[in-house]
Amino acid sequence: MNQPATHDPIGSIGWTERTGGVLTVRERIALARPLLRGHLRIIAGSLAMATRTHSGRRNSVEPDALVPPDSLLARDAEAAAHDLLTPALLNHSRRAYAWGAAIAALDEVEFDHELLYVAALFHDTGLPSRVPDVDFTVRSAALARDFTDRHDVPEVQRELVTNAIAMHHTPGVGVESGAEAFLLSAGAAVDVFGLRSDHVPDAVRKTVVQDYPRVGFKREFSGLLRAEAKQVPHGRAWYLHRFALSDVTIRLAPFRG
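Enquirer: What exactly am I supposed to notice about the overall build of the protein chain here?
Expert: Tallying secondary structure elements over the protein chain gives twelve helices and zero strands in all. Along the protein chain, from the amino end to the carboxyl end, the secondary structure elements read α-α-α-α-α-α-α-α-α-α-α-α. Taking 2.2 N^0.38 as the reference for a compact globule, 257 residues should give roughly 18 Å; the C-alpha atoms of the protein chain span a radius of gyration of 17 Å, in line with that estimate. Based on the C-alpha atoms only, the size of the protein chain along its principal axes is roughly 60 × 40 × 30 Å. The buried share of the protein chain, reckoned over its 257 residues, is 54%. Intrachain contacts of the protein chain at a sequence separation of at least 6 include 77% that bridge at least 24 residues. Of the side chains in the protein chain, 29 bear a positive and 31 a negative charge, and the two mean positions are spaced by 11 Å.

This is the structure:
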């Protein structure tokens, strides 16, 4: 008998584990609008920064809002990520948390700091995928699930982490997908593509990059996305590489390195 259709949102942990992250034609069409909207925001933000009319000149965020949580779970997640990630990806993960926390402050979004930090540290641990036709976020989520299980994180909170990891790679993630999913997606997008970087206060942009240097991130990450796109044809990395010109967009992001 055929299994009943499920209604997991595109990019969610349920959808990703069920489909391997491979997009149908209908799903590719559905993502076209948020992808285009994101591109237009990147262009508008770049122009605003070039003309020094961007809102980041006026916005402010308290420095304490960016500080990672100081807990056993957070410290152990940091140690695990240090073993799993290259220096460029580890600092990217730290910056993704900081950018996400900054956006939370600007948008007045309440979130669980520990869960967002764990999700940020694990979100790229599976990149690129080791299994053909299975999205890298499946392995990233599995590693995060194992880690949180070992630390007795309740199932509901554990799945918030895995869902944030699965969702972050999808165009157009909103708060309705969960605060942690939205903020991880937004934070990663600031760091990779420059999306909403014009909203981040100038002082925050300078401080975060000083604290967590980029150490050749653009070159390394572009190569990883290309490898992922080849490993998972019609997956989200393939979609971004083909339709969002990810190599170019990453190169033009308003950060050095």
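Enquirer: Looking at this structure, how should I read helix α11 (residues 236-243)?
Expert: The periodicity of an α-helix, 3.6 residues per turn, causes residues three or four positions apart to be oriented the same way. Of the positions making up α11, those classed as buried are R236, A237, W238, Y239 and L240. At the exit of α11 stands L245, carrying a positive phi of roughly 50 degrees.

Enquirer: How do you make sense of the environment of G223 when you look at a structure like this?
Expert: Residue placement: G223 occurs in helix α10 (residues 217-231). Judged by its relative accessible area of 25%, G223 is partly exposed. Measuring from C-alpha to C-alpha, the distance between G223 and H54 comes to 30 Å, with 169 residues separating the pair along the chain.

Enquirer: I would appreciate a short explanation of the packing of helix α5 (residues 113-122) against helix α7 (residues 155-167) in the present structure.
Expert: When two helices pack together, their arrangement is given by the angle between their axes and by how far apart the axes lie. Contact geometry of α5 with α7 gives a least axis separation of 9 Å together with a crossing angle of 40 degrees. Comparing their axes, α7 and α5 come out oblique. Note that α5 runs across α7; the crossing there is right-handed. Where α5 abuts α7, its residues L115, V118, A119 and F122 lie against Q157, L160, V161, A164 and I165. Among the residues making up the contact of α5 with α7, the classes are represented as eight nonpolar, one polar and no charged.

Enquirer: What am I meant to see in helix α9 (residues 202-211) here?
Expert: Taken residue by residue, α9 has V204, R205 and V208 as its buried positions. For α9, the arc enclosing every buried residue in end-on projection is 100 degrees, short of the 170-degree limit, so these residues lie on one face. Every exposed residue of α9 that faces more than 90 degrees away from the buried side is listed here: A203, K206 and Q210. Looking at the packing, one finds that the buried side of α9 touches α2 (25-50) and α4 (87-107).

Procedures and definitions
- Residues numbered from 1 in each chain as written.
- Predicted model: local features only at pLDDT ≥ 70, side-chain atom pairs only at ≥ 80, totals over all residues.
- Heavy atoms only, no water.
- Helix = DSSP H or I, 4+ residues; strand = E, 2+ residues; numbered from the N terminus.
- Rg over C-alpha atoms; globule rule 2.2 N^0.38 Å.
- Buried < 20%, exposed > 50% of the residue type's maximum accessible area, 1.4 Å probe, protein only.
- Contact = heavy atoms within 4.5 Å.
- Lys, Arg positive; Asp, Glu negative; His and termini not counted.
- Charge placed at Lys NZ, Arg CZ, Asp CG, Glu CD.
- Axes fitted to C-alpha atoms, helices over the stretch in contact; angles between N-to-C directions.
- Parallel < 35°, antiparallel > 145°, perpendicular 65-115°, else oblique.
- Left-handed = near helix turned anticlockwise from the far one by under 90°.
- Nonpolar A, V, L, I, M, F, W, Y, C, P; charged D, E, K, R; others polar.
- Arc of directions from axis to C-beta.

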